[in-house]
Amino acid sequence: MAQSKLKILILDDEPIVCKRLKPSLEKQGFEVDTFNRSFEALQAVQNTKYDIIITDLKMEGMDGMRFLQEAKKIHPDSEVIVITGFATMETAKESFKKGVFDFIAKPFNLSEIQRVVMRVEAKIRGTQG
Amino acid sequence: MRILFAGDEHPYSAFALKELTRLAMNTWADVTLLGVQAAGASPGPVAPALNLALNRYRETFLNSWEGEDSPYAMSNWQYEWSPVKENLWEERLVCKSGKKCFQVRLRTGNPAAAILNEAREDGSDLIILGCTRGTECLWAGASGVPQKVAADADCSVLLVKEDQPISRILACLDQTYISQESLEILNQMVTMHQAELEVIGVNPEGGLKKEVYTRLIEIGDYYQDRGIKINTRIIEIADLESLIAAEGQQDLLALWMGKKSILSRFFPRDWVGRLVARGQTSVLVMR
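Scoring rules and cut-offs
- Residues numbered from 1 in each chain as written.
- Chains lettered and ligands numbered in written order.
- Predicted model: local features only at pLDDT ≥ 70, side-chain atom pairs only at ≥ 80, totals over all residues.
- Heavy atoms only, no water.
- Helix = DSSP H or I, 4+ residues; strand = E, 2+ residues; numbered from the N terminus.
- Expected span 1.5 Å × (residues − 1).
- Buried < 20%, exposed > 50% of the residue type's maximum accessible area, 1.4 Å probe, protein only.
- Arc of directions from axis to C-beta.
- Contact = heavy atoms within 4.5 Å.
- Axes fitted to C-alpha atoms, helices over the stretch in contact; angles between N-to-C directions.
- Parallel < 35°, antiparallel > 145°, perpendicular 65-115°, else oblique.
- Salt bridge = Lys/Arg side-chain N within 4 Å of Asp/Glu carboxyl O.

Engineer: Whenever I open this one, helix α6 (residues 210-225) of chain B confuses me. Can you help?
Structural biologist: The periodicity of an α-helix, 3.6 residues per turn, causes residues three or four places apart in sequence to face the same way. Residue and element names in this part refer to chain B. Given a rise of 1.5 Å per residue, 16 residues ought to cover 22 Å, and the 23 Å separating the end C-alpha atoms of α6 matches this to within 8%. Regarding α6, the residues found buried are Val-212, Leu-216, Ile-219, Gly-220, Tyr-222 and Tyr-223. One face of α6 carries all of its buried residues, which in axial projection span an arc of 160°. Along α6, exposed side chains directed more than 90 degrees from the buried face belong to Lys-210 and Gln-224. Against β10 (168-173), α5 (180-193), β11 (196-203) and β12 (230-236) lie the buried residues of α6.

Following this line, the structure appears as structure tokens:
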């Protein structure tokens, strides 16, 4: 039986990041929505359950750390991957404390994020049995 | 982010390792330590001096984290097939790092080619290596290795010449395309050093080029949106070499040398090496 497509939300205030990631993840068989503003992304999370959330940290308005916290409150089993261009040891540690699946500093190759997303998928599919 | 650290047994490699460690502590990048030796240099797999240096770098790097904070903690035990001799394999229990990849590798042959091949095959985003001060830029006793790596790598390259705190980053740009990856590497360096950022527009032909000015405004807006203050100025391309030679001891010189960069179009290929050699301290070549 065909498995249903996993849904991915990408939040990054730099449109070029979303533009790069969306087609490559869609090609891998995921359903992908992208957002450049955290408030709009949070509205989407309230209406839709995303299996995987990929979020930047440094953004105007609600930052990525707060966004992932809010998103996890709504859907605790959504898996979160943090991507950041301004990485610090504190943000890395805090991200893992908040239960993110992985922390990836920019720049990254598409293959790097694809590999991480595949690991998340394996975890989710395994959990779902 | 994937970082390739190329280390030999000389002191500047230890300085470069410090930069690698600081960057890895912030970014939790996947890291490869690479040693290079001449083919047939040792009857064993690694010459003793290089082996000692790589062991020291590995231990220094892995011991920089406290307890469970390390994303590189060796916690992932698994069986893997290893070659014993031709047509014979053996299953061995190996331990790998947990959250992020950490590996030590050895290549033989021409040093610059070995480093470039490793970076290409491993998909590195940044190469870090040390070299001697001054214009000679020796690596593993050979001249021209850092220059060739800086000139020919597909990714960004950080050359560390000495152990100096960085308080200012001088980033030289021209009017052409700036890759997202180069901005991201620059941002990580600014964050790591908590450094002041000065973006210098390089004017290629004399007079004020509108495109250079426009690029500087775009860069200024980019950083303003992220709450980061930067200084900007414009210089003539003829003055670039003297600016590089006059940089301060606590400056990191960052050069945009992407495929579409006018700096690399205007200057012949060996100019990248020449600019790198002229740099007093560390030099970041951004792609």
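Engineer: Looking at this structure, I do not really get the packing of helix α2 (residues 38-47) of chain A against helix α3 (residues 64-74) of chain A. What am I missing?
Structural biologist: Helix-helix packing is described using two parameters, namely the angle between the two axes and the distance between the axes. Residues and elements named next belong to chain A. Interhelical geometry of α2 versus α3 gives an angle of 10° and a closest axis separation of 10 Å. Here α2 lies roughly parallel to α3, going by the angle between them. Within the contact between the two elements, α2 uses Ser-38, Ala-41, Leu-42, Val-45 and Gln-46 and α3 uses Phe-67, Glu-70, Ala-71 and Ile-74.

Engineer: I'm lost on the pattern of salt bridges in this one. Help?
Structural biologist: Should the charged atoms of two oppositely charged side chains come close, the side chains can pair. Taken as a whole, this structure holds 29 salt bridges over all chains when the rule is applied. Its salt-bridge partner being Lys-73 of chain A, residue Glu-70 of chain A comes within 3.4 Å of it at the nearest N-O pair. Within this pair, Glu-70 of chain A and its partner Lys-73 of chain A are both found in helix α3, separated by 3 residues, close to a single helical turn. Accessibility expressed as a relative area gives 60% for Lys-73 of chain A, which makes it exposed. Of the charged contacts, one joins Lys-98 of chain A and Glu-94 of chain A as a salt bridge, the two residues approaching to 3.4 Å between their closest N and O atoms. Take Glu-94 of chain A: its relative accessible area is 32%, and that puts it in the partly exposed class. Within the structure, one salt-bridge network assembled from shared partners comprises Arg-105, Arg-107, Glu-118 and Glu-121 of chain B.

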